[in-house]
Amino acid sequence: MRKWIPCELHTHTVNSDGELTLTELAKKARDMGFSCIALTDHNTISGHWERDKAQAESGIDIVRGLEWTTFYGHMVAMGIDKYVDWREIGPKDIDRGIANIHQAGGLAGVAHPFCMGSPMCTGCYWSYEIKDWSKVDYIEVWSEPFPSIEAKNIRAFRLWTDLLNQGYRLTAVSGRDWHGGDCGSDPVSVTYLGIEEDAKDMEKAVKEAIAGGRASLTMGPLLLMQAELEKDSSLYALGDIAYIKCRNQKAKVTVNIDYSVRKDKWSLDDADMSIALFGNVGKLCEGKISRERSEISFEVPLENLKWVRAELYGRMKNIDTMIAFTNPIYFEEGA
Amino acid sequence: MYLVIEDLLIEKGVVRTGTLIFAEGKLTPACSKSHIKYTFNLPVQSRRLNIDFEYQPKKLFDEERSKMLIQEGLRRFCENPDENELNSWKSYMPLSNLLTISIDDPKGFRGSVHRHTPVQHLFITEDAASPGLIQGSLPEGQWSVTISVHAVVTEECCYKLHVWEGDD
């Protein structure tokens, strides 16, 4: 069985420019309803030594990582227990940098690609030339509180969609870039990762979930999606590749909304809500949902369809916006 | 450009032994996105390594210069910057210089101090270190301190670096 755990995948402590120690941060994350955080201090791993204590005292899991805070972009190395160097990586060398992160056992994620860069925020805007996007494991599509309304995130979401359309299967995640502070009433986003119920090594499980696209992003309820192909008994979940026999086939795509997650930690305005399915061919379909209706299914023609994702729309803080979206299920012709 | 005095350093009227690097430098905006690496020899295993680092000025208060740099950034980083966006330049003031320190011992990385304070008194010992640095033994051999110049926005930015081994 798979469970979906709420994660915060981009954090900083006093080991770089954060406000809290790792233990303090982990306890605060727990109180906000997270069960896992990634420690991604700027350019150092000195916080890794506090991991055992922070896990024991907070009861949540901590994935070790670091954020390459370079001159040409920020990249998260996720799930590493050793330092990987960025200082000799030039603006055209990031493919080598990514290979080095992989060699150290980590995943490589592009952080907040369209954040304002130097000198407002040094190196924050992504300007590395990536020769091979297939080597990038994930991209932070949502950054900082109330991410869905920020121009930089809308742009990142579009970049991710363009890459999916080009055939790259990189995972979208949310990372608050949390330095330990509060954000008032602004909604905080969560990356839910699908991991095996009995996973022993959480770092490994988190990496596998991100690499496998088993991720759903939200500022509120948890959004999940599965697909069932016509004349095929298998069920496909987020990140899966569904092999289709003929393009005339249809898929039944079912979207579930779980309003019970992180109870009392978020609120939706009382307004109409809808679920839309998107793919490489654009918007496929849309349907109204409500608090009382937590499941909706659509028939989707598979002709020309390479991927499909679900998006939840509603209202938060008086703004009509996207509330949540899933990573895709992919379709490929094959056995 | 900088001054290295081996073995002895006269500072505040006190002769300090154990000085490994004592240097000053002047940077200009052209130095942004570069590293300055000081490699030195630690002749014997040490109990404590100290790094004092400071730079100034930290902030740019010149409005005309700030406006030019910020608007240049907004044109580059915003997709379709409109007049409102470009006129919002003051909200990004004051711009800051950012220089950060990282340390390598003969075997590899010993931490980095990526934070904004322009005056830093750092140390490493066997069982403790300043946040960002990695505690542990201090073996003899070739060490280095790297200053990463993330941004210089003022016309000039001066730094001082003092590295010494010993107990205080």
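Each value, and the rule that gives it
Residues numbered from 1 in each chain as written. Chains lettered and ligands numbered in written order. Predicted model: local features only at pLDDT ≥ 70, side-chain atom pairs only at ≥ 80, totals over all residues. Contact = placed C-beta atoms within 7 Å. Helix = DSSP H or I, 4+ residues; strand = E, 2+ residues; numbered from the N terminus. Nonpolar A, V, L, I, M, F, W, Y, C, P; charged D, E, K, R; others polar. Pairing = 2+ DSSP bridges. Domains from an automatic or database assignment. Axes fitted to C-alpha atoms, helices over the stretch in contact; angles between N-to-C directions. Parallel < 35°, antiparallel > 145°, perpendicular 65-115°, else oblique. Left-handed = near helix turned anticlockwise from the far one by under 90°. UniProt positions renumbered as here; feature names shortened; annotations may be inferred. pLDDT = per-residue confidence, 0-100. Core = buried A, V, L, I, M, F, W, Y, C linked by C-beta atoms within 7 Å. Buried ≥ 20, exposed ≤ 12 C-beta atoms within 10 Å, placed from the backbone.

Colleague: Pulling in residues and values, what's your account of the interface of chain B and chain A?
Modeller: In many reports, interface size means the accessible area that the parts give up when they come together. With 27 residues of chain B in contact, the opposing surface of chain A contributes 22 residues. Counting residues per element, the ones that place at least two in the side of chain B that touches chain A are helix 1 (63-77), strand 7 (98-105), strand 8 (108-113) and strand 10 (141-151) of chain B. The residue inventory of the side of chain B that touches chain A, partitioned by class, reads 13 nonpolar, eleven polar and three charged.

Colleague: Before we move on, can you summarise the sheet that holds strand 11 (residues 235-236) of chain A with the specific residues and values?
Modeller: The four strands lie next to each other as 11-10-13-16 (chain A), forming an open sheet whose pairing is antiparallel. Each of the sheet's edge strands pairs with one partner strand only, and the pair in question is strand 11 and strand 16 (295-301) of chain A.

Colleague: Explain the domain arrangement of chain B to me, and be specific about the residues and the numbers.
Modeller: Looking at the assigned domains, one finds that chain B contains domain 1 (7-58 + 97-165) and domain 2 (61-96). If you average the C-alpha positions of domain 1 of chain B and of domain 2 of chain B, the two centres end up 32 Å apart.

Colleague: Help me get a handle on the domain arrangement of chain A, residues and values and all.
Modeller: All names here are of chain A. For chain A, the assigned domains read domain 1 (2-218) and domain 2 (222-333). Placing the centre of domain 1 and that of domain 2 at their C-alpha centroids yields a distance of 24 Å. Taken together, the contact between domain 1 and domain 2 spans 24 residues of the former and 24 residues of the latter. Mapped onto the side of domain 1 that touches domain 2, the elements with two or more residues apiece are strand 1 (2-11), helix 4 (151-165), strand 7 (171-175), strand 8 (190-196) and strand 9 (215-218). The element that contributes the greatest number of residues to the side of domain 1 that touches domain 2 is strand 9, accounting for four residues.

Colleague: Can you explain the environment of glutamate 67 of chain A? Please cite residues and give values.
Modeller: All names here are of chain A. Inspection of the secondary structure puts glutamate 67 in strand 3 (residues 61-69). For the pair glutamate 67 and glycine 123, spaced 56 residues apart in sequence, the C-alpha to C-alpha distance is 12 Å. For glutamate 67, the residues in contact, after removing those within four places along its chain, are Thr40, Asp41, His42, His74, Val76 and Ala111.

Colleague: How would you sum up the packing of helix 1 (residues 22-31) of chain A against helix 2 (residues 51-58) of chain A? Please name residues and give values.
Modeller: Residues and elements named next belong to chain A. Close contact between helix 1 and helix 2 brings their axes to 8 Å; oriented N to C, the two are set at 30°. Here helix 1 lies roughly parallel to helix 2, going by the angle between them. Like other packed secondary-structure pairs, helix 1 and helix 2 cross with a definite hand, here right-handed. Where helix 1 approaches helix 2, its residues Leu22, Thr23, Ala26, Lys27 and Arg30 are matched on the opposing element by Arg51, Lys53, Ala54, Glu57 and Ser58.

Colleague: Could you give an account of the UniProt feature "domain: Polymerase/histidinol phosphatase N-terminal" (unreviewed entry) in chain A, naming the residues involved and the relevant values?
Modeller: According to UniProt, the positions carrying the feature "domain: Polymerase/histidinol phosphatase N-terminal" (unreviewed entry) are residues 7-72 of chain A. Annotation note: span residues 7-72 of chain A, helix share 27%, strand share 27%, distance between end C-alpha atoms 27 Å.

Colleague: Which residues make up the sheet that holds strand 3 (residues 34-42) of chain B, and what values go with them?
Modeller: All names here are of chain B. Read from one edge to the other, the open sheet built from four strands follows the order 3-10-7-8, with strand pairing classed as antiparallel. The strands lining the two open edges of the sheet, one partner per strand, are strand 3 and strand 8. Each neighbouring strand pair of the sheet contributes to a mean axis angle of 20°, computed without reference to strand direction. Across four bridges, the pairing between strand 7 and strand 8 is antiparallel. Looking across to strand 8, one finds that aspartate 104 is bridged to phenylalanine 109.

Colleague: Quick one: what's the story with the confidence of the model for chain B, residue by residue and with numbers?
Modeller: This prediction gives chain B a mean pLDDT of 91; 90% of its residues lie at or above 70. Here residues 1-10 of chain B scores under 50 on pLDDT; set against residues more than four positions off or in separate chains, the count is 21 contacts.

Colleague: Outline the nonpolar core, supporting the account with residue identities and numerical values.
Modeller: Within the largest apolar cluster, 101 residues are counted, with the highest numbers of intra-cluster contacts made by Ile37, Ala77 and Leu193 of chain A. In this view, isoleucine 37 of chain A contacts Cys7, Glu8, Thr11, Ala26, Ala29, Ile60 and Ile62 of chain A; residues no more than four positions away in its chain are not counted.

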